[in-house]
Amino acid sequence: MSSDTASGGAGSDFARGFDAAASGAMDPMAAMAMNHLTESCPFKSVFALGAGFALGGVFGLFMSSMDLSSQADLDRYSKMSTREQIRLTVKDMGQRSYSSAKNFAIVGSIFAGTECVIETVWKMLNFESFEAYKL
């Protein structure tokens, strides 16, 4: 009896693949290919780019809600209607969030790529020195 019939639903291919990988029943060649892909420097850089963009967006959204420097002209701001104030605030939050997201993405990608390249070179140098001293 499969887990799909036990749960009463027809599971997706993703769920079946995830279950197979979690139980160790995944094809060894597919597991090696996934491992090779996820440990590659380009994958790590792109993943850090996406994760940095998401984290930077949330951080920028939070920080823009705390910062009132963009509304320095309080007289003009207080004379606006509530709708205009909300529109201006949301626009400012979006701009700051996007700006922060781009910065986090760039820094994360550069850091992850550089760290991965240094780690790869370090491994090769250590392996070569180990092979040189092998009896």
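Scoring rules and cut-offs
- Residues numbered from 1 in each chain as written.
- Predicted model: local features only at pLDDT ≥ 70, side-chain atom pairs only at ≥ 80, totals over all residues.
- Heavy atoms only, no water.
- Helix = DSSP H or I, 4+ residues; strand = E, 2+ residues; numbered from the N terminus.
- Buried < 20%, exposed > 50% of the residue type's maximum accessible area, 1.4 Å probe, protein only.
- Contact = heavy atoms within 4.5 Å.
- Areas by Shrake-Rupley, 256 points an atom, 1.4 Å probe, with all protein chains shown as cover.
- Disulfide = S-S within 2.5 Å.
- Salt bridge = Lys/Arg side-chain N within 4 Å of Asp/Glu carboxyl O.
- Phe/Tyr/Trp six-rings, centres within 6.5 Å; stacked < 30°, edge-to-face > 60°.

S.K.: Looking at this structure, I do not really get the overall build of the protein. What am I missing?
M.R.: When helices and strands are counted, the protein shows 6 helices and 0 strands. Along the protein, helices and strands appear, N-terminal first, in the series α-α-α-α-α-α. Going through the 135 residues of the protein one by one, you find that 16% of them count as buried. Partitioning the intrachain contacts of the protein with sequence separation of at least 6 by distance along the chain shows that 74% fall at a separation of at least 24. Counting only carbon and sulfur atoms, one obtains 69% of the accessible surface of the protein, whose full area is about 10500 Å².

S.K.: Honestly, the state of the cysteines in this entry has me stumped. Any pointers?
M.R.: For the coordinates displayed, the defined rule picks out 1 disulfide. Here Cys41 connects covalently by a disulfide to Cys116, the sulfurs 2.1 Å from one another. Between Cys41 and Cys116, the S-S torsion sits near -85°, and that sign places the bridge as left-handed. Here Cys41, found in helix 4 (residues 41–66), pairs with Cys116, found in helix 6 (residues 82–132); they are 75 residues apart in sequence, far enough to count as distant. For Cys41, a relative accessible area of 18% translates into the label buried. For Cys116, a relative accessible area of 2% gives the class buried.

S.K.: Please explain the environment of Ser40 as it appears in this structure.
M.R.: Considering the arrangement of structural elements, one finds Ser40 in the loop between helix 3 (28–38) and helix 4. Taking the C-alpha atoms as reference points, Ser40 and Gly113, 73 residues apart in sequence, are found 9.5 Å from one another.

S.K.: Could you clarify how one ought to interpret the pattern of salt bridges in this entry?
M.R.: It is possible for side chains of opposite charge to pair when their charged atoms get near one another. Scanning all chains against the criterion turns up 2 salt bridges. Here Asp92 ties to Arg96 by a salt bridge, and the two come within 3.3 Å at their closest N and O atoms. One end of the pair, Asp92, and the other, Arg96, are both in helix 6, 4 residues apart, so they sit about a helical turn from each other. Overall, Asp92 belongs to the buried group, its relative accessible area being 15%. According to the relative accessible area criterion, Arg96 is partly exposed, its value standing at 29%. Between Glu119 and Lys123 there is a salt bridge whose closest N-O contact spans 3.3 Å. Here Glu119 pairs with Lys123, and both are found in helix 6, just 4 residues apart, close to one helical turn. Classification of Glu119 as partly exposed rests on a relative accessible area of 28%.

S.K.: What is the right way to look at the packing of aromatic side chains in this model?
M.R.: The description of two aromatic rings rests on the distance between their centres and on the angle between their planes. Summed over all chains, the structure comprises 3 aromatic pairs. Where Phe53 meets Tyr98, the ring centres are 6.1 Å apart and the plane angle is 80°; that geometry is what we call edge-to-face. One end of the pair, Phe53, is in helix 4; the other, Tyr98, is in helix 6, and 45 residues separate them in sequence. For Phe53, a relative accessible area of 38% corresponds to the partly exposed category. According to the relative accessible area criterion, Tyr98 is partly exposed, its value standing at 47%. Between Phe59 and Phe104 the ring centres are 5.5 Å apart and the planes differ by 40°, which places this aromatic pair in the tilted class. With a gap of 45 residues between them, Phe59 in helix 4 and Phe104 in helix 6 connect regions that are remote in the sequence.

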